[in-house]
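One-letter residues, chain by chain:
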Amino acid sequence: TNGAVAVVTATANVNFAFGSWSGGGVPPGATTNNPLTLPLDQARYVKANFYSLTPASREWTGVGTWFSTTNWNPAGLPGPQDALTIRSGTLTLTDPVGAASFVVSNGATVLFTNWYASLNASAVTVLSNGLVTHAVCNTNVVVANSNRVHIVCSNLTIAAYGAINVNSRGFAGGMYGQTPPSGTGPGGGVSTSSRGGAGSYGGQGGNAGATPGPPYGNFLAPAEAGSGAGGGNAFGGSGGGAVWIQASGAVTVNGSILADGGNGSGDQSAGGSGGGIYIACDTFAGSGTLRAKGGDLGGNCGGGGGGRIAIVYNTVSQAAAGKPAAVFSVAGG
């Protein structure tokens with residue numbers, strides 16, 4: 001009945017366990033709740049997903065979501081004790097998922113599609129030419145309806161030429177008289193008929209006759225994506241995306257973690273701001289690149305403000321491990 005509440009319980013067979021709910025009717029953030037409470041304010045479809053309690057090694061090929069069981073070899077829904085390799089194609093994460101180990105191979109892509117999707121594994125490895133990214137933030141809501149890469153692990157390793165890349169995947173840029181008319185996000189730049197204000201985040205974007213957005217966010221724990229810029233006769237650049245990593249052990253980056261803002265697309269458009277990268281770990285190492293640079297101006301407008309990068313580590317462990325050789329940049333456009 002419209003307005004009533006249904007409570008749905010998933011019960012596993014012997015040697016199996018409940019994993020998560022999928023389907024368009026699952027309330028945000030409730031994919032692992034069991035029982036699941038469903039407000040009947042709309043038609044809802046939900047599917048209970050179960051996994052085997054027997055650990056296995058599985059490889060992914062093709063295109064689909066975690067729940068596309070035929071893309072896994074051997075076929076079936078992975079469990080939290082499985083060793084997983086993303087061999088080729090694109091694996092889309094729509095919900096919180098887990099594994100014992102998780103490897104992104106050469107040429108494979110892992111795509112996060114919302115704020116609640118997360119990967120929880122003991123060891124996560126991104127090999128050379130492997131890619132982890134998230135979908136473009138398509139709303140102006142700061143947290144619940146935007147996107148991010150969210151990894152919870154013991155150890156994370158990004159090999160040389162491997163990448164977490166969310167460049168231009170933050171809040172969208174705008175254009176005068178179009179949709180959106182100005183840059184979106186909490187630091188979105190204003191559009192006028194002849195110019196666009198730059199996007200801001202950790203730093204304020206450039207001002208060349210159109211108002212840039214205000215800086216925002218927590219420098220110790222930058223959670224939000226970067227903001228878009230405005231434009232007069234062309235769309236401003238989008239902001240950089242958001243990366244959130246929680247590791248109990250070591251994070252080693254010999255490749256790159258990139259969250260740059262997008263460039264202005266024409267001579268009256270500004271640059272989007274850099275995005276946000278947050279890493280909590282025991283130790284940090286590697287000789288790679290972490291960057292959340294603002295996008296460049298288009299023509300006579302302003303460059304985007306730099307984003308935010310925070311690495312929170314164990315000071316005793318890090319002192320023993322030594323200083324990493326990685327390069328960090330949150331420069332403005």
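Everything discussed here concerns the structure shown above.
Residues numbered from 1 in each chain as written. Predicted model: local features only at pLDDT ≥ 70, side-chain atom pairs only at ≥ 80, totals over all residues. Heavy atoms only, no water.

Things to note about the overall build of the protein
Point 1. The helix and strand tally for the protein stands at 1 helix and 25 strands.
Point 2. What you see for the protein is a C-alpha radius of gyration of 21 Å, in line with the 20 Å of a compact globule of 333 residues.
Point 3. The dimensions of the protein, computed from C-alpha atoms along their principal axes, are 65 × 60 × 35 Å.
Point 4. Relative to its 333 residues, the protein shows a buried fraction of 49%.
Point 5. The long-range fraction of contacts in the protein, counting pairs at least 24 apart against all pairs at least 6 apart in sequence, stands at 64%.
Point 6. About 13,200 Å² of surface is accessible on the protein, with carbon and sulfur atoms providing 53% of the total.
Point 7. Computed over 11 positive and 9 negative side-chain charges, the inter-centroid distance for the protein is 2 Å. (Helix = DSSP H or I, 4+ residues; strand = E, 2+ residues; numbered from the N terminus. Rg over C-alpha atoms; globule rule 2.2 N^0.38 Å. Buried < 20%, exposed > 50% of the residue type's maximum accessible area, 1.4 Å probe, protein only. Contact = heavy atoms within 4.5 Å. Areas by Shrake-Rupley, 256 points an atom, 1.4 Å probe, with all protein chains shown as cover. Lys, Arg positive; Asp, Glu negative; His and termini not counted. Charge placed at Lys NZ, Arg CZ, Asp CG, Glu CD.)

Quick word on the packing of aromatic side chains
Point 1. Counted according to the given criterion, the structure contains 7 aromatic pairs.
Point 2. Judged by centre distance (5.4 Å) and plane angle (75 degrees), the rings of Trp66 and Trp72 are edge-to-face. An identical accessibility class is assigned to Trp66 and Trp72; each is buried.
Point 3. One aromatic cluster is present, formed by Phe18, Trp21 and Phe50 through successive ring pairs.
Point 4. The cationic tip of Arg148 hangs over the ring face of Trp115; the distance from NZ or CZ to the ring centre is 4.1 Å. (Phe/Tyr/Trp six-rings, centres within 6.5 Å; stacked < 30°, edge-to-face > 60°. Lys NZ or Arg CZ within 6 Å of the ring centre and 35° of its normal.)

Some thoughts on the environment of Val330
Point 1. Along the chain, Val330 turns up in the segment after strand 25 (327-329).
Point 2. In sequence terms Val330 and Gly307 are 23 residues apart; their C-alpha atoms lie 5.4 Å from each other.
Point 3. Once residues within four sequence positions are removed from consideration, Val330 is found in contact with Ala292, Gly306, Gly307, Arg308 and Ile309.

Brief notes about the sheet that holds strand 13 (residues 131-134)
Paired through their backbone hydrogen bonds, the strands of a sheet run either parallel or antiparallel.
Point 1. Here 8 strands make up an open sheet; going across it, the order is 6-9-11-13-15-18-22-25 and the pairing parallel. Lying at the two open borders of the sheet, with one neighbouring strand each, are strand 6 (63-65) and strand 25. Strand-to-strand twist across the sheet, computed as the mean angle between neighbouring axes with direction ignored, equals 15 degrees.
Point 2. Pairing of strand 13 with strand 15 (residues 163-165) involves 2 bridges; the strand directions are parallel. When the sheet's bridge partners are listed, Val132 is paired in strand 15 with Ile164. (Pairing = 2+ DSSP bridges. Axes fitted to C-alpha atoms, helices over the stretch in contact; angles between N-to-C directions.)

A few points about unusual backbone geometry
Trans is the common state for peptide bonds, and a negative phi is the common state for residues other than glycine.
Point 1. Between Asn73 and Pro74 the backbone carries a cis peptide bond, its omega angle lying at 0 degrees.
Point 2. Secondary-structure assignment places Pro74 in the loop between strand 7 (72-73) and strand 8 (83-86).
Point 3. Along the chain, Thr179 connects to Pro180 via a cis peptide bond; the corresponding omega equals -5 degrees.
Point 4. Checked against the element boundaries, Pro180 lands in the loop between strand 15 and strand 16 (242-247).
Point 5. Positive phi is not limited to glycine here, since Asn129 has a value of about 70 degrees.
Point 6. On the secondary structure map, Asn129 appears in the loop between strand 12 (118-126) and strand 13.
Point 7. When its relative accessible area of 45% is taken as the criterion, Asn129 is described as partly exposed.

Some words on the side chain of His134
Point 1. With respect to the secondary-structure elements, His134 resides in strand 13.
Point 2. Take His134: its relative accessible area is 0%, and that puts it in the buried class.
Point 3. There is a polar contact of 3.1 Å between the side chain of His134 and the backbone nitrogen of Ala242.
Point 4. If we ignore the near neighbours within four places in the chain, the residues touching His134 are Leu111, Phe112, Asn147, Arg148, Val149, Val166, Arg169, Gly241 and Ala242. (Polar contact = N/O pair within 3.5 Å; in protein donor to acceptor, adjacent residues only side chain to side chain.)

Let's talk about the pairing of strand 20 (residues 276-280)
Point 1. Burial analysis of strand 20 places 5 of its 5 residues in the buried class, which makes it a mostly covered element.
Point 2. Neither face of strand 20 is exposed, since Gly276, Tyr278 and Ala280 on one face and Ile277 and Ile279 on the opposite face are all buried.
Point 3. As paired elements, strand 16 and strand 20 share 5 bridges and run parallel to each other. Bridge assignment links Trp244 to a residue of strand 20, and that residue is Tyr278.
Point 4. Judged from the 5 bridges that link them, strand 20 and strand 24 (residues 308-312) form a sheet pairing that is parallel. Residue pairing across strands places Gly276 opposite Arg308, the latter belonging to strand 24.

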